[in-house]
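# A structural walkthrough
Listed below, chain by chain, are the residues.
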Amino acid sequence: IGGRLPVNTDGGCLACGEPIGASGLRQVHEVVLQLRGEAGERQVPGPCRVGFTQVYGAPGVSACTVLTV
C-alpha cells in the first residue's frame, strides 16, 4: 500500500475469493473507494488520482478499466 505503485490494496483474489463474473466489479469498487479516500485501513497515502483494473477470465475474455478523479 505504501509503495510507488500500490497493487491489490484489498488483497486481490487471494483475500476476497474469486466470485465468477464479479471479480471485475469488486476491483472497480476498490478503486472507487481509493479515489474517494474511503478505503479505511487500506487507503493509499496521499492523493489518489488514477486507478486501473484488469481482469482475465475463460475463455480468453479480458477487460481493463481506468478511473480518474
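In what follows, the structure referred to is the one given above.
The rules behind the values
Each chain carries its own residue numbering, running from 1 in the written order of its sequence. Per-residue local features are limited, in this predicted model, to residues with pLDDT of at least 70; the limit for side-chain atom pairs, both in listing and counting, is 80 or more; totals at the level of whole chains, interfaces and linings are taken over all residues. Excluded from the side-chain calculation are hydrogens and water; included are all heavy atoms of the structure. The salt bridge definition used is simple: a Lys or Arg side-chain nitrogen within 4 Å of an Asp or Glu carboxyl oxygen. Only DSSP runs of H or I reaching four residues or more are called helices, and only runs of E reaching two or more are called strands; each is numbered from the N terminus. Only protein chains enter the accessibility calculation, which uses a 1.4 Å probe. A residue is then buried if its area is under 20% of the maximum for its type, exposed if over 50%, and partly exposed in between. What counts as a disulfide here is a pair of cysteine sulfur atoms lying within 2.5 Å. The residues that make up patches have over 30% relative accessible area and no salt bridge, and they are joined within 9 Å when like-charged or within 5 Å when they are Val, Leu, Ile, Met, Phe, Trp or Tyr. Note that accessible areas follow from Shrake-Rupley with a 1.4 Å probe, and for residues the cover is restricted to the protein chains shown.

## As for the pattern of salt bridges
Applying the stated criterion across every chain, the model contains three salt bridges. Note that Arg-42 is salt-bridged to Glu-30, the shortest N-O span being 2.8 Å. With a gap of 12 residues between them, Arg-42 in the loop between helix H2 (23–36) and strand E1 (50–57) and Glu-30 in helix H2 connect regions that are remote in the sequence. Given the relative accessible area of 29%, Arg-42 is considered partly exposed. Take Glu-30: its relative accessible area is 6%, and that puts it in the buried class. Put simply, Arg-36 and Glu-38 hold a salt bridge, and the shortest N to O gap is 4.0 Å. Overall, the relative accessible area of 57% leaves Arg-36 in the exposed class. We classify Glu-38 as partly exposed; its relative accessible area is 48%.

## Some remarks on the state of the cysteines
One pass over the structure, following the stated rule, counts zero disulfides. Of the cysteine sulfurs around Cys-13, a residue in no disulfide, the closest is that of Cys-16, at 7.6 Å. Looking at Cys-13, the relative accessible area reads 34%, which means it is partly exposed. No disulfide involves Cys-64; its sulfur sits 14 Å from that of Cys-13, the nearest cysteine.

## Describing a nonpolar patch on the surface
The grouping of Val-50, Phe-52 and Val-66 at the surface amounts to a nonpolar patch, some 320 Å² of accessible area in total. Here Val-50 shows up in strand E1. For Val-50, a relative accessible area of 58% corresponds to the exposed category.

## Considerations on unusual backbone geometry
At Asn-8, a position not held by glycine, the phi torsion is positive, near 50°. Tracing the sequence through the fold places Asn-8 in the segment before helix H1 (12–16).

## What to know about the environment of Pro-6
Topologically, Pro-6 is positioned in the segment before H1. Judged by its relative accessible area of 32%, Pro-6 falls in the partly exposed class. The spatial distance from the C-alpha of Pro-6 to the C-alpha of Cys-48 is 11 Å, given a sequence separation of 42 residues.

Everything listed is a geometric property; what it means functionally is a separate question.
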